[in-house]
Amino acid sequence: MAIVRQSCGPDFRRLCSSVALGGGRAIACLRNNLSNLSPTCQKVLTAGR
């Protein structure tokens, strides 16, 4: 999770700041906005697929 936080922190703050943390909501929000994420964050989120 630390890698996601480091790689996707700015994207999360920009796109998902209103999302309550917990229950996988932060990751779900990032995945829902995949096409708007930075390349680094996209890579981190899609690496486990």
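Conventions used here
- Residues numbered from 1 in each chain as written.
- Predicted model: local features only at pLDDT ≥ 70, side-chain atom pairs only at ≥ 80, totals over all residues.
- Heavy atoms only, no water.
- Core = buried A, V, L, I, M, F, W, Y, C linked by side-chain atoms within 4.5 Å.
- Buried < 20%, exposed > 50% of the residue type's maximum accessible area, 1.4 Å probe, protein only.
- Helix = DSSP H or I, 4+ residues; strand = E, 2+ residues; numbered from the N terminus.
- Contact = heavy atoms within 4.5 Å.
- Salt bridge = Lys/Arg side-chain N within 4 Å of Asp/Glu carboxyl O.

- An unreviewed UniProt entry annotates the chain as Cysteine rich repeat-containing protein of Phyllobacterium zundukense.

Here's the deal with the nonpolar core
Part 1 of the argument: The biggest cluster of nonpolar side chains holds eleven residues, and these are Val4, Cys8, Phe12, Cys16, Ala26, Ile27, Cys29, Leu30, Leu37, Cys41 and Leu45.
Part 2 of the argument: Listing elements by their share of this core, those giving two or more residues are helix H1 (2–15), helix H2 (25–32) and helix H3 (39–46).
Part 3 of the argument: Top contributing element to this core by residue count: H2, with four residues.
Part 4 of the argument: Setting aside chain neighbours within four positions, we find Ile27 in contact with Met1, Val4 and Leu45.

So, the pattern of salt bridges
Part 1 of the argument: A complete count under the given rule lists one salt bridge for this structure.
Part 2 of the argument: A salt bridge links Asp11 to Arg14, with the shortest nitrogen-to-oxygen separation between them at 2.9 Å. Of this pair, Asp11 and Arg14 are both found in helix H1, three residues apart, which corresponds to roughly one turn of the helix.
Part 3 of the argument: Judged by its relative accessible area of 5%, Asp11 is buried.

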